[in-house]
Amino acid sequence: MQYWLMKSEPEAFSINDLQNRPNQTEHWDGVRNYQARNMMRDDMKLGDQVFFYHSNCDEPGIVGIAQVVRESYPDFSAFDPEDKHFDPKSQPDKPTWFMVDVQFVRKLSRTISLKELKLKTELTDLALLRRGNRLSIMPVSEQQWGYILSLE
């Protein structure tokens with residue numbers, strides 16, 4: 001099993017939105033960064049665990065856990081000219097963008113804030129904390145995963 005952190009702006013899609021979806025499941029669409037796409041397409045597997053991270057809000061931080069319940073498939077939002085994630089270069093027969101489905105597991109008992117994570121020397125190698133890293137999807141090591149959960 002692998003571990004991940006996936007960012008979402010809570011005004012666009014929050015942990016509560018995921019929890020309230022049918023089967024508490026939703027596709028993770030709209031990723032338009034090649035490195036993040038490659039991780040979803042090539043590395044994310046069924047059962048992988050995901051930290052759900054609220055970004056661009058009053059208190060950015062890890063708010064919950066989800067799991068991958070469907071491995072990568074073409075991101076259909078790229079094919080729809082009416083969708084904000086439309087990409088005219090991506091075609092159904094040769095898709096550029098991919099997505100996975102994630103399912104709600106649980107909310108954390110509290111938000112583990114970015115500010116708090118930055119103070120922990122045990123997390124200096126966490127991709128989220130690397131200077132200039134703005135990826136919406138990033139790997140988390142098993143040790144980092146366990147340590148972050150211990151902060152709850």
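Within each chain, residues carry numbers counting from 1 in the order of the written sequence. Under the rules for a predicted model, residues below a pLDDT of 70 receive no local features and side-chain atom pairs below 80 are neither given nor counted, while totals for whole chains, interfaces and linings still include all residues. Remark: hydrogens and water are excluded; side-chain values derive from all non-hydrogen atoms of the structure.

What to know about helix α2 (residues 34-43)
Test applied: When accessible area is computed with a 1.4 Å probe and restricted to protein chains, residues below 20% of their type maximum are described as buried, those above 50% as exposed, and intermediate ones as partly exposed. In DSSP terms, a helix is any run of H or I states spanning at least four residues, a strand is any run of E spanning at least two, and both are numbered starting from the N terminus. Read the arc as the range of directions from the helix axis to the C-beta atoms. Polar contact is defined as a pair of N or O atoms within 3.5 Å, subject to the rule that within protein one atom must be able to donate a hydrogen and the other to accept it, and that residues adjacent in sequence are counted only when both atoms are side-chain atoms.
For α2, every residue scored as buried is listed here: A36, R37, M39 and M40. One face of α2 carries all of its buried residues, which in axial projection span an arc of 160 degrees. Among the residues of α2, the N-terminal cap falls to N33, whose side-chain oxygen and the backbone nitrogen of Q35 are separated by 2.8 Å.

Overview of the sheet that holds strand β4 (residues 61-74)
Keep this limit in mind: Two strands are said to pair when DSSP picks up at least two bridges between them. Helix axes are fitted only over the stretch in contact, all axes being lines through C-alpha atoms; the angle between N-to-C directions runs from 0 to 180 degrees.
One open sheet holds the 6 strands; their spatial order is β2-β5-β4-β3-β1-β6, and the pairing between them is mixed. If you trace the sheet from one side to the other, it starts and ends with β2 (25-27) and β6 (137-140), each paired once. The mean inter-strand angle of the sheet, taken between neighbouring strand axes irrespective of direction, is 35 degrees. Pairing of strand β1 (residues 3-8) with β6 involves 4 bridges; the strand directions are antiparallel.

Some remarks on the side chain of S90
Worth spelling out the cut-off: Residue contacts follow a heavy-atom distance rule, with two residues in contact if any of their heavy atoms lie within 4.5 Å.
By secondary structure assignment, the location of S90 is in the loop between β4 and β5 (98-113). Judged by relative accessible area, which is 2%, S90 ranks as buried. Within polar-contact distance, the side chain of S90 engages the backbone nitrogen of T96 at 2.9 Å. For S90, the contacting residues outside a window of four places in its chain are A78, F79, P95, T96 and W97.

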